[in-house]
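Summary of structural features
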Amino acid sequence: KLGCFLAGCCYGRPCPSGLAFAPRSLAYQTHLKEGRISPGAPASLPVHPTQLYELGLAIALFGLLMLLERRSRRPGEVGLAFFLGYSLMQIPGGMLADRLGPRRVMVAAIVCWSVFTTLTGAAGSLAAMLALGFMFGWSEGPFRPAASKTVATWFNDAQVGRANGLQLASVQLAAPCAPLFFTTLVVTWGWHAVFYSLLIPGLLLAFVAHRIIKEPP
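Residues numbered from 1 in each chain as written. Predicted model: local features only at pLDDT ≥ 70, side-chain atom pairs only at ≥ 80, totals over all residues. Heavy atoms only, no water.

Formed by Ala97, Val105, Met106, Val107, Ala109, Ile110, Trp113, Ala146, Ala147, Ala206, Ala209 and Ile213, the largest nonpolar core amounts to 12 residues. For this core, the secondary-structure elements that each account for two or more residues are α6 (102-120), α8 (143-154) and α11 (199-212). With six residues, the top contributor of residues to this core is α6. Not counting residues up to four positions away in its chain, the partners in contact with Ile213 are Arg103, Met106, Thr150 and Trp154. (Core = buried A, V, L, I, M, F, W, Y, C linked by side-chain atoms within 4.5 Å. Buried < 20%, exposed > 50% of the residue type's maximum accessible area, 1.4 Å probe, protein only. Helix = DSSP H or I, 4+ residues; strand = E, 2+ residues; numbered from the N terminus. Contact = heavy atoms within 4.5 Å.)

Dropping the structure here:
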């Protein structure tokens, strides 16, 4: 949700005490297209930062579950390690995209998370799974802010909202489709094969991104 907040997407309704987003954000482009702000306005209308509401609720819910479930080991620890690394690299990832350029950051992120995904298949203990889960999230974290910067760089003010929408929709559509394929791999070859099978596609994707994405476009 920090990535959504920094990109200015997934926001709520306008309110006098809300937060305003900068030009080229999805909120700004939407308000400009709807005629709520004039061209050249310094920011969008103030809106409810629902991204932060959801983040706060998730943290509060996690704390409540920790209090209710006092055990030495808890289900979902590997997933927690992933999201911890992922969230910690959101803001630094955006800073790296500004400093080094989004193409370098995106390509490096794809390569690194492909490698850590593959190594997860060879993990032989919970400690190794936790470490690799954290590194997996840490390496994937910079991708979202770098992708948002790429959209803002490649597309003009009239196109950036649609482009951001397509980018975000592709992630949501892929999430329910991927299990249909990987479940077959798990049943046929075992869960290790799922992680091993993602290395080559990831490296090919990094190569395509390096060839297609230009700085500046």
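Further remarks concern the environment of Glu140. Within the secondary structure layout, Glu140 lies in helix α7 (residues 126-140). A residue is classified by how much of its surface remains accessible, and Glu140, at 22% relative accessible area, is partly exposed. Taking the C-alpha atoms as reference points, Glu140 and Ile110, 30 residues apart in sequence, are found 7.0 Å from one another. When residues no more than four places from it in sequence are discounted, the contact partners of Glu140 are Phe82, Tyr86 and Trp113.

Time to look at α6. With 19 residues, α6 should cover 27 Å at 1.5 Å per step; its first-to-last C-alpha distance of 27 Å lies within 8% of that length. The complete set of buried residues in α6 reads Pro102, Val105, Met106, Val107, Ala109, Ile110, Trp113, Ser114, Phe116, Thr117, Thr118 and Thr120. Turning to α6, the residues buried within the fold contact α5 (90-100), α7, α8, α10 (191-196) and α11. (Expected span 1.5 Å × (residues − 1).)

The N-to-C vectors of α5 and α6 enclose an angle of 130°; their axes lie 6 Å apart at closest approach. By the angle between their directions, the pair α5 and α6 is classed as oblique. On α6, the residues touching Gly93, Leu96, Ala97 and Leu100 of α5 are Pro102, Arg104 and Val105. For the contact of α5 with α6, a count of residues per class yields five nonpolar, one polar and one charged. (Axes fitted to C-alpha atoms, helices over the stretch in contact; angles between N-to-C directions. Parallel < 35°, antiparallel > 145°, perpendicular 65-115°, else oblique. Nonpolar A, V, L, I, M, F, W, Y, C, P; charged D, E, K, R; others polar.)

Right, let's get into helix α4 (residues 77-88). Compared with the 16 Å implied by 1.5 Å per residue over 12 residues, the 17 Å span of α4 between its first and last C-alpha is a close match. Those residues of α4 that sit buried are Ala81, Phe82, Gly85 and Tyr86. One side of α4 holds all its buried residues, which, seen down the axis, span an arc of 130°. (Arc of directions from axis to C-beta.)

Turning our attention to the pattern of salt bridges. Pairs can form between side chains of opposite charge whenever their charged atoms are close. If you walk through the whole model with that rule in mind, you get two salt bridges. Ionic pairing is found between Glu34 and Arg36, a salt bridge with its closest N-O pair at 3.2 Å. Overall, Glu34 belongs to the partly exposed group, its relative accessible area being 48%. The shortest N-O distance in the salt bridge between Asp98 and Lys149 comes to 3.2 Å. Of the two residues, Asp98 is situated in helix α5 and Lys149 in helix α8; the sequence distance between them amounts to 51 residues. Asp98 sits in the exposed class, given a relative accessible area of 56%. Of the residues examined, Lys149 reaches a relative accessible area of 28% and is grouped as partly exposed. (Salt bridge = Lys/Arg side-chain N within 4 Å of Asp/Glu carboxyl O.)

Worth remembering: the numbers are spatial, not functional.
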